[in-house]
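Structure assessment
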There are 2 protein chains.
Amino acid sequence: MTTVANPDTGRALDHPAREQIRVEAVLQALADPIRLRIVREIADRGELPCGVLDLPVSKSTCTHHYRVLRESGVIHQRCVGTSRMNTLRKEDLDALFPGLMDGVLAAPRD
Amino acid sequence: MTTVANPDTGRALDHPAREQIRVEAVLQALADPIRLRIVREIADRGELPCGVLDLPVSKSTCTHHYRVLRESGVIHQRCVGTSRMNTLRKEDLDALFPGLMDGVLAAPRD
DNA sequence: CGACTGGTTCGATAGGGATCGTACTACCAA
DNA sequence: TTGGTAGTACGATCCCTATCGAACCAGTCG
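Given the structure is predicted, the values throughout are model-derived calculations rather than measurements. (Residues numbered from 1 in each chain as written. Chains lettered and ligands numbered in written order. Predicted model: local features only at pLDDT ≥ 70, side-chain atom pairs only at ≥ 80, totals over all residues. Heavy atoms only, no water.)

1. Concerning the interface of chain A and chain B
Counting residues at the interface gives 19 residues for chain A and 19 residues for chain B. When chain A packs against chain B, the two sides together hide about 1500 Å² of surface, and 72% of this comes from carbon and sulfur. The largest share of the area that chain A buries against chain B comes from E24, L27 and A31 of chain A, three residues that together contribute 31% of it. Connecting chain A to chain B are zero salt bridges. (Contact = heavy atoms within 4.5 Å. Buried area = accessible area lost by both parts, 1.4 Å probe. Salt bridge = Lys/Arg side-chain N within 4 Å of Asp/Glu carboxyl O.)

2. A few points about the confidence of the model for chain A
Regions with low pLDDT carry predicted coordinates that are not meant to be interpreted in detail. Residue and element names in this part refer to chain A. Averaged over every residue, the pLDDT of chain A is 91; residues scoring 70 or more account for 89%. Segment residues 1–11 is flagged for pLDDT under 50; beyond a separation of four residues in sequence, or across chains, it makes seven contacts in the model. Here the prediction assigns the complex a pTM of 0.92, and the interface score ipTM is 0.91. (pLDDT = per-residue confidence, 0-100.)

3. Things to note about the protein's contact with DNA strand C
Residues in close proximity to DNA strand C total 23 residues, the closest being S58, S60 and H65 of chain A together with K59 and T63 of chain B. Measuring from a phosphate oxygen of DNA strand C, one finds a side-chain N or O atom of T63 of chain B at 2.4 Å. In this structure, a sugar or linking oxygen belonging to DNA strand C sits 3.3 Å away from a side-chain N or O atom of T82 of chain B. When residues of the surface near DNA strand C are traced back to their parent elements, those giving at least two are α3 (59–72) of chain A together with α3 (59–72) and β3 (83–88) of chain B. A per-class count over the surface near DNA strand C returns four nonpolar, 13 polar and six charged. (Near = heavy atom within 4 Å. Polar contact = N/O pair within 3.5 Å; in protein donor to acceptor, adjacent residues only side chain to side chain. Helix = DSSP H or I, 4+ residues; strand = E, 2+ residues; numbered from the N terminus. Nonpolar A, V, L, I, M, F, W, Y, C, P; charged D, E, K, R; others polar.)

4. A closer look at the relation of the copies chain A and chain B
Of the two same-sequence chains, chain A is brought onto chain B (RMSD 0.0 Å, axial shift 0.0 Å) by a rotation of 180°. This pairing of chains is accounted for by a two-fold axis. Mapped onto chain B, 100% of the interface residues of chain A again fall at the interface, so both copies present the same surface. (Least-squares fit on C-alpha atoms with pLDDT ≥ 70 in both.)

5. Quick notes on the nonpolar core
By size, the foremost hydrophobic cluster in this structure holds 58 residues, and its most contacted members are V74 of chain A together with V74 of chain B. If we ignore the near neighbours within four places in the chain, the residues touching V74 of chain A are V26, A29, L30, V39, L69, T87, L88, R89 and L93 of chain A. (Core = buried A, V, L, I, M, F, W, Y, C linked by side-chain atoms within 4.5 Å. Buried < 20%, exposed > 50% of the residue type's maximum accessible area, 1.4 Å probe, protein only.)

6. Considering the pairing of strand β2 (residues 75–80) of chain A
All names here are of chain A. The alternating pattern of β2 places I75, Q77 and C79 on a buried face, while none of H76, R78 and V80, on the opposite face, is buried. In this structure, β2 lies alongside strand β3 (residues 83–88), joined through six bridges in antiparallel fashion. Directly across from C79, in β3, lies its bridge partner R84. Two successive antiparallel strands, β2 and β3, enclose a turn made up of two residues, where G81 displays a positive phi of approximately 60°. (Pairing = 2+ DSSP bridges.)

7. Focus: the pattern of salt bridges
Residue and element names in this part refer to chain A. Counted by the stated rule, this structure contains 18 salt bridges over all chains. Two residues, R45 and E41, come together in a salt bridge whose shortest N-O distance is 2.9 Å. Of this pair, R45 and E41 both sit in helix α2 (residues 33–45), four residues apart, roughly one helical turn. On the basis of relative accessible area, R45 is assigned to the partly exposed category, the value being 48%.

Okay, here's the thing in structure tokens:
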């Protein structure tokens, strides 16, 4: 039977609070091409599980990149079943660094 | 005597053209704390020679950081006498990544 | 000319981080 | 319960880069 799973199996997954987000960490996170691609996809397509993007790296490297994005405050991750759903923390980022994400997302994509 | 030096002893110092500026390189350049500090100072105080900021690094490291900023397209350097004057390439950056620099510069500075 | 100042160049070093594979956990479905 | 799927954890490797000191170069000032 399709048991209705706990709608938020979220195990808190330490995210920085808005006040704890540092611009250097955000820039560092966004500077990697793979991570920038992840961010662009989430920005374009909304909430996404880790696996849907086929990135040219291994699963463990992928996990690493999502962690960097989460710990720097760029994305939020919540557990849903066996997946992790990722969203941009756009509100927080816009409040702290108004224009930054828009500028990054407006950049020509090769 | 105070010979009037060539007002622009600029030896071209390869800068990327606007179209060549890549957002990953800019983010990478801005992600370093020392370089971010340099950028903030130039943004606040206008054109600056390399030496006026007393940074907690050696002269050669300083040169390295200015080169990274120049080659990524964040700053422009021109030679004046024995100095190099640095300016933000704000027009180019705003055109390519509208809001990015404003967001970075608006970030709380610790 | 000779000294000084601002900055570069060159090698060397150390630390960080991007990467991988393997082993593991958690949830879901049959 | 058994298997499959989504992702994590860990240890190892390798490269990139921030750093330094020493030598050097180019203007400027006396």
